[in-house]
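# Overview (structure and organization)
Given next are the chains, with one letter for each unit.
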Amino acid sequence: SSALSNGPKPCGHWPILCSTVAMDGYELHRRVDKARWCVTKGDLLQFKQRVRQAVRAGEITPTSADQFDPCEQCIGPCVYTVTQQLIKPVTRKAG
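Residues numbered from 1 in each chain as written. Predicted model: local features only at pLDDT ≥ 70, side-chain atom pairs only at ≥ 80, totals over all residues. Heavy atoms only, no water.

Where empty space is left can be seen by rolling a probe of water-molecule size over the atoms. Volume-wise, the second largest pocket comes out at about 240 Å³. Together, 14 residues line the second largest pocket, and Arg52, Glu72, Gln73, Gly76 and Pro77 are the ones closest to its centre. Partitioning the lining of the second largest pocket into residue classes produces seven nonpolar, two polar and five charged. (1 Å grid on protein atoms, 1.4 Å probe; cavity = no way out; pocket = protein on both sides within 12 Å on 5 of 7 lines; lining within 4 Å. Points joined across faces, edges and corners; volume = space filled by probe spheres on them. Nonpolar A, V, L, I, M, F, W, Y, C, P; charged D, E, K, R; others polar.)

This is the structure:
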């Protein structure tokens, strides 16, 4: 079983989200077996933790279209905001 399936881990266990080193996405997909392309509950919990860290750090901020309260713990930014302000920038850095 994946180390991520046991719940959230420190950021060092999720190198693609934490790394500033560019990686070759095509090569990673070629090398990683399809059986390992799944998303586990642990992955989702870790992603939730990463989004919360990004909100606290000001990496994800409210917009006119998504006026979430950064102090609110139950309702956070919408998926569009997370995609624009976290996923896309991280993906660009990762290659």
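What follows continues from the structure just given.
Here we come to the pattern of salt bridges. Going through the model one piece at a time under the given rule, you end up with two salt bridges. A salt bridge links Glu27 to Arg30, with the shortest nitrogen-to-oxygen separation between them at 2.8 Å. Residue Glu27 and its partner Arg30 are both found in helix H2 (residues 25-31); the two are separated by three residues, about one turn of the helix. Look at Glu27 and you get partly exposed, because its relative accessible area is 22%. Residue Glu59 pairs with Arg50 through a salt bridge whose shortest N-O separation is 3.1 Å. Arg50 gets classed as buried once you look at its relative accessible area, which sits at 11%. (Salt bridge = Lys/Arg side-chain N within 4 Å of Asp/Glu carboxyl O. Helix = DSSP H or I, 4+ residues; strand = E, 2+ residues; numbered from the N terminus. Buried < 20%, exposed > 50% of the residue type's maximum accessible area, 1.4 Å probe, protein only.)

This part takes up helix H4 (residues 79-94). Along an α-helix, residues three or four apart share an orientation, since each turn contains 3.6 residues. At Ile87, H4 shows its maximal bend, which comes to roughly 35°, and the proline Pro89 appears one to four places after that position. Residues Thr81, Val82, Gln85, Leu86, Val90 and Ala94 constitute the buried set of H4. (Bend = angle between axes of the 7 residues up to and from the residue.)

The terminal C-alpha atoms of helix H3 (residues 41-56) lie 23 Å apart, and with 16 residues this matches the ideal 22 Å at 1.5 Å per residue to within 8%. Regarding H3, the residues found buried are Gly42, Asp43, Gln46, Arg50, Val51, Ala54 and Val55. (Expected span 1.5 Å × (residues − 1).)

This next bit is on the nonpolar core. One finds Val51, Ala54, Val55, Ile60, Phe68, Val82, Leu86 and Val90 forming the largest nonpolar core, which totals eight residues. At the level of secondary structure, the elements contributing two or more residues to this core comprise H3 and H4. The residues contacting Leu86, other than those within four sequence positions of it, are Phe47, Arg50, Val51, Ala54, Glu59, Ile60 and Thr81. (Core = buried A, V, L, I, M, F, W, Y, C linked by side-chain atoms within 4.5 Å. Contact = heavy atoms within 4.5 Å.)

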